[in-house]
Amino acid sequence: MRVLVTGAAGSLGRVVTVGLAGLGHDVVGLDLVPAPEGTPFPWHEADCADGDAVEAVFASLSTGGSLDAVVHLAGVPDEASLPDELTSHVITTAALLDAMVAHRVHRIVYASSNHAVGRTPRADGDLTEHALPRPDTYYGVAKVAAEALLQLFADRHGIDAVACRIGSFLDRPASVRGLSTWLSYDDGVRMVEAALTAPAPGFAVLYGISANTRGWWDLEPGRRLGYEPQDDAEDFADEVEPGPDDEAEAEFAGGPFTLPRFHRPA
Ligand code: 15L
């Protein structure tokens, strides 16, 4: 597949672009910043929040062969002001979806986040795809709204849109919470590959974590799309130091983002 990956220079993007290229996909990178030296695939420098710039990228790509899908990973990965979060996650997603409709690109894989449902209490049981929107931050609010846009474009235009509610994408788990929320690099690539190639998912949600022994987010929605995680954070359990917030972080899906230090004016 010919796949445009936004945020290609970011922490997710650097891993996913290489992984998808290794699986034989024809990757095109898009980021605010220039391509890292030695990048072996085409690269566009543009701000995904700028609809005209995004349209220009799609227009230039349509002359070099058709684009099959977008993997939208660009965005601020942390809590910021509400306007900044909305621009970073909602405006960018809208610009890409508009360009997809205009250029007949039918699939998007979106780096959503557990923080869209981060205020869901652990005491409610396992976190399923049926969890209601329950953001823990403005970051989470923006992810909820971006998912709503995907649903809208799936309904209006028949776009296949997979929202991957990613946990903690790191080379290894970094906290006690991470022993349940970790997504390994290899599983991250498996997740995106499954979301790109699942037959006709329509709008779908999956939880992007590895097969963690301590996981409590439902892996079935991902498995239905062909995402079979292979790694387990438990293999690193001996290396993880306990932290002062472990107990508080265990109360809600969103862990640290639910703590008072994240409260701020919109
Ligand atoms: C995310 O979505 C964030 O981008 C990242 O900074 C972490 O907070 C991660 O979730 C997580 O929940 O560990």
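Residues numbered from 1 in each chain as written. Predicted model: local features only at pLDDT ≥ 70, side-chain atom pairs only at ≥ 80, totals over all residues.

Q: Please explain the overall build of the protein as it appears in this structure.
A: From N to C terminus, the protein includes eight helices and nine strands. Its C-alpha radius of gyration of 18 Å places the protein within 12% of the 18 Å reference for a compact globule of 266 residues. Considered along the principal axes of its C-alpha atoms, the protein spans approximately 55 × 40 × 35 Å. Looking at the protein residue by residue over its 266 residues, the buried ones come to 49%. In the protein, the share of contacts with a sequence separation of at least 24, taken over all contacts with a separation of at least 6, comes to 69%. (Helix = DSSP H or I, 4+ residues; strand = E, 2+ residues; numbered from the N terminus. Rg over C-alpha atoms; globule rule 2.2 N^0.38 Å. Buried ≥ 20, exposed ≤ 12 C-beta atoms within 10 Å, placed from the backbone. Contact = placed C-beta atoms within 7 Å.)

Q: What should I look at first to understand the pairing of strand 6 (residues 160–166) in this one?
A: Among the seven residues of strand 6, seven are classified as buried, and the element is accordingly described as predominantly covered. The two faces of strand 6 match: Asp160, Val162, Cys164 and Ile166 on one face and Ala161, Ala163 and Arg165 on the other face are all buried. For strand 5 (residues 107–113) and strand 6, the ladder comprises seven bridges, and the chain directions are parallel. Bridge assignment links Ser112 to a residue of strand 6, and that residue is Arg165. Since strand 5 and strand 6 lie parallel, the crossover through helix 4 (residues 138–157) that links them has a hand, and here it is right-handed. (Pairing = 2+ DSSP bridges. Right-handed = clockwise from strand over helix to strand, strands pointing away.)

Q: Honestly, the site of the ligand in this entry has me stumped. Any pointers?
A: Contacts to the ligand come from Pro77, Asp78, Ser113, Asn114, His115, Ile166, Gly167, Ser168, Thr181 and Gly255. Across the shell around the ligand, the residue classes tally to two nonpolar, seven polar and one charged. (Near = placed C-beta within 6 Å. Nonpolar A, V, L, I, M, F, W, Y, C, P; charged D, E, K, R; others polar.)

Q: Explain the nonpolar core to me, please; I cannot follow it from the model alone.
A: Generally speaking, a soluble globular protein has its nonpolar side chains buried in company with each other. Membership of the largest hydrophobic core comes to 74 residues, with the highest contact counts inside it found for Ile108, Val109, Tyr110, Val162, Cys164 and Ala195. For this core, the leading source of residues is helix 4, giving eight residues. Cys164 has contacts with Val109, Tyr110, Ala111, Ser112, Met191, Ala195, Leu206 and Gly208, leaving out every residue within four places of it along the chain. (Core = buried A, V, L, I, M, F, W, Y, C linked by C-beta atoms within 7 Å.)

Q: Where do I start with helix 1 (residues 11–22) in this structure?
A: Side chains three or four residues apart in an α-helix point the same way, a direct result of the helix having 3.6 residues per turn. Here helix 1 is twelve residues long and its end C-alpha atoms lie 17 Å apart, about the 16 Å a rise of 1.5 Å per residue gives. All buried positions along helix 1 are accounted for by Leu12, Gly13, Val16, Thr17 and Leu20. Taken around the axis of helix 1, the buried residues stretch over an arc of 115°, which confines them to a single face. Summarising the contacts, the buried residues of helix 1 are in contact with strand 1 (2–6), strand 2 (26–31), strand 4 (69–72), strand 5, strand 7 (168–169) and helix 6 (185–197). Of the residues flanking the end of helix 1, it is Gly24, one or two places downstream, whose phi is positive at about 95°. (Expected span 1.5 Å × (residues − 1). Arc of directions from axis to C-beta.)

Q: Just to check I follow, could you spell out the pairing of strand 1 for this structure?
A: For a regular strand, side chains alternate in direction, first toward one face of the sheet and then toward the other. Counted residue by residue, strand 1 has four buried out of five residues, so it is predominantly covered. The parallel pair strand 1 and strand 2 is bridged by helix 1, and the resulting crossover is right-handed. In this structure, strand 1 lies alongside strand 4, joined through four bridges in parallel fashion. Looking at strand 4, one finds that Val3 is bridged to Ala69.

Q: What's the story with the sheet that holds strand 3 (residues 43–45) in this structure? I'm lost.
A: Within a sheet, each strand pairs with its neighbour through backbone hydrogen bonds, oriented either parallel or antiparallel. Spatially, 3-2-1-4-5-6-9 is the arrangement adopted by the seven strands of the open sheet, whose pairing is parallel. At either margin of the open sheet sits one strand with a lone partner, and together these are strand 3 and strand 9 (203–208). Neighbouring strand axes in the sheet, compared pairwise and without regard to direction, differ in orientation by 20° on average. Packed on one face of the sheet, helix 1 meets strand 1, strand 2, strand 4 and strand 5 and runs near 165° to strand 2. Across the sheet, helix 6 lies against strand 1, strand 4, strand 5, strand 6 and strand 9, angled at about 140° from strand 5, the strand it touches most. (Axes fitted to C-alpha atoms, helices over the stretch in contact; angles between N-to-C directions.)

Q: Please clarify how the environment of Pro229 should be interpreted in this entry.
A: Among the structural elements, Pro229 can be located in the loop between helix 7 (220–224) and helix 8 (246–249). Residue class for Pro229 comes out buried when judged on the 24 C-beta atoms lying within 10 Å of it. For the pair Pro229 and Lys143, spaced 86 residues apart in the sequence, the C-alpha separation amounts to 23 Å. The contacts of Pro229, once residues within four sequence positions are left out, are Asp187, Arg190, Ser210, Ala211 and Leu219.

Q: I'm lost on the confidence of the model for the protein in this one. Help?
A: Note that predicted coordinates carrying low pLDDT should not be read in detail. The predicted model of the protein has a mean per-residue pLDDT of 97, with 100% of residues at 70 or higher. Here the predicted complex scores 0.98 on pTM and 0.99 on ipTM. (pLDDT = per-residue confidence, 0-100.)

Q: What exactly am I supposed to notice about the packing of helix 3 (residues 82–102) against helix 4 here?
A: Two packed helices can be described by the angle between their axes and the distance between those axes. At a minimum axis separation of 8 Å, helix 3 and helix 4 run at an interaxial angle of 15°. Relative to helix 4, the element helix 3 lies roughly parallel. Between helix 3 and helix 4 lies a crossing whose hand is right-handed. Here Leu82, Glu85, Leu86, Ser88, His89, Val90, Thr93, Ala94, Leu97 and Val101 of helix 3 lie close against helix 4, whose contacting residues are Tyr138, Tyr139, Val141, Ala142, Lys143, Ala145, Ala146, Leu149, Phe153 and His157. (Parallel < 35°, antiparallel > 145°, perpendicular 65-115°, else oblique. Left-handed = near helix turned anticlockwise from the far one by under 90°.)

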